[in-house]
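Architecture and fold: a report
Spelled out, the chains give:
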Amino acid sequence: MAARRLMNRLYYFTIEDESILAETFSQLEKEVYAITYKVIGTEDVFVTTSETKDAMDRNDIPYNLLAEEDGARIAVYHSPLSREELGDYEDAVKALALAWRAIAIACVGVNGEGNLGFDLTSGGAKSYTYFTAPAGHTFIWRLFREREEAVEFLSRLTAGEKKAVEWAESIPLNSTKELKSYH
């Protein structure tokens, strides 16, 4: 499989019949990693990557584009394993964060690990999500809606590891209030 290019554009859209997505995506070229997520708290708004939008356009899938988000504004903190397995899928991980209306997302473990070092219920279930890599591992991600939340969490999780804290402090957005509106 050819290396995926990061296009850094993410798109909010609606579609009249969402079953079209599943039907059409299964028939797309094998090189295309087509993925969309329903935006939390909405009935019919989805977020997707440039690669998926391009495939939708090539295959004449009817949709209504609502807004465009600069993917470079969404921060991703990888573990060594998630970087290895998901490096080519960074835009899909960023789209997942946007679907949860998060400004950043950090890999905190792999499903099946006995002790992640923290309680998944702290901060509520809505603070965590997962992404399964094509290679098979399911990574657990912590969602952040504010930069300060990320700084505090990663400072605790990594015992103040300089690289992790610097990543959190450098998140481009302060909060979800700075995300594009799709209304």
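Across the sheet, which stays open at both edges, the 4 strands sit in the order β5-β6-β8-β7 with mixed pairing between neighbours. The strands lining the two open edges of the sheet, one partner per strand, are β5 (75–77) and β7 (128–132). Here the strands of the sheet are splayed against their neighbours by 30° on average, with no regard to which way each runs. Where strand β6 (residues 104–110) and strand β8 (residues 138–144) come together, 6 bridges link them in antiparallel fashion. When the sheet's bridge partners are listed, A106 is paired in β8 with R142. Helix-sheet contacts for helix α5 (residues 147–157) involve β5, β6, β7 and β8, and the interaxial angle to β8 is about 130°.

Time to look at the packing of α5 against helix α6 (residues 162–169). The relative placement of two packed helices is expressed as an angle between their axes plus a distance between the axes. It is the contact of α5 with α6, at a shortest axis distance of 8 Å, that shows an interaxial angle of 170°. In terms of their interaxial angle, α5 and α6 are classed as roughly antiparallel. Seen from α5, the contacting residues are R147, A150, V151, L154 and S155; seen from α6, they are A164, V165, W167, A168 and E169. Class assignment of the residues belonging to the contact of α5 with α6 gives a composition of 7 nonpolar, 1 polar and 2 charged.

With that settled, consider the environment of E68. Summarising the element assignment, E68 is placed in strand β4 (residues 64–70). The sequence separation of E68 and L179 amounts to 111 residues, and the corresponding C-alpha distance is 10.0 Å. When near neighbours in sequence (up to four residues on either side) are disregarded, E68 contacts R9, L10, Y11 and K180. Among the polar contacts made by the side chain of E68, one reaches the side chain of R9 at a distance of 2.6 Å.

This paragraph deals with the nonpolar core. The biggest cluster of nonpolar side chains holds 48 residues, and the ones touching the most others in it are V47, F131, W141 and W167. Those elements that provide at least two residues to this core are β1 (9–14), β5, α4 (90–99), β6, β7, β8, α5 and α6. Among the elements that make up this core, the one with the highest residue count is α4 (7 residues). Excluding residues that lie within four positions of it along the chain, V47 makes contacts with L10, Y11, Y12, F13, I35, T36, Y37, V39, A95, L98 and A99. F13, F25, A55 and M56 belong to the second-largest nonpolar core, a separate cluster that totals 10 residues.

Our focus in this paragraph is α5. An α-helix turns once per 3.6 residues; consequently, residues spaced three or four apart project the same way. Restricting attention to buried positions, one finds in α5 the residues R147, A150, V151, F153 and L154. Buried residues belonging to α5 abut β5, β6, β7, β8 and α6. Looking one or two residues beyond α5, the residue adopting positive phi is A159, at roughly 55°.

Criteria and cut-off values
Residues numbered from 1 in each chain as written. Predicted model: local features only at pLDDT ≥ 70, side-chain atom pairs only at ≥ 80, totals over all residues. Heavy atoms only, no water. Pairing = 2+ DSSP bridges. Helix = DSSP H or I, 4+ residues; strand = E, 2+ residues; numbered from the N terminus. Axes fitted to C-alpha atoms, helices over the stretch in contact; angles between N-to-C directions. Contact = heavy atoms within 4.5 Å. Parallel < 35°, antiparallel > 145°, perpendicular 65-115°, else oblique. Nonpolar A, V, L, I, M, F, W, Y, C, P; charged D, E, K, R; others polar. Polar contact = N/O pair within 3.5 Å; in protein donor to acceptor, adjacent residues only side chain to side chain. Core = buried A, V, L, I, M, F, W, Y, C linked by side-chain atoms within 4.5 Å. Buried < 20%, exposed > 50% of the residue type's maximum accessible area, 1.4 Å probe, protein only.

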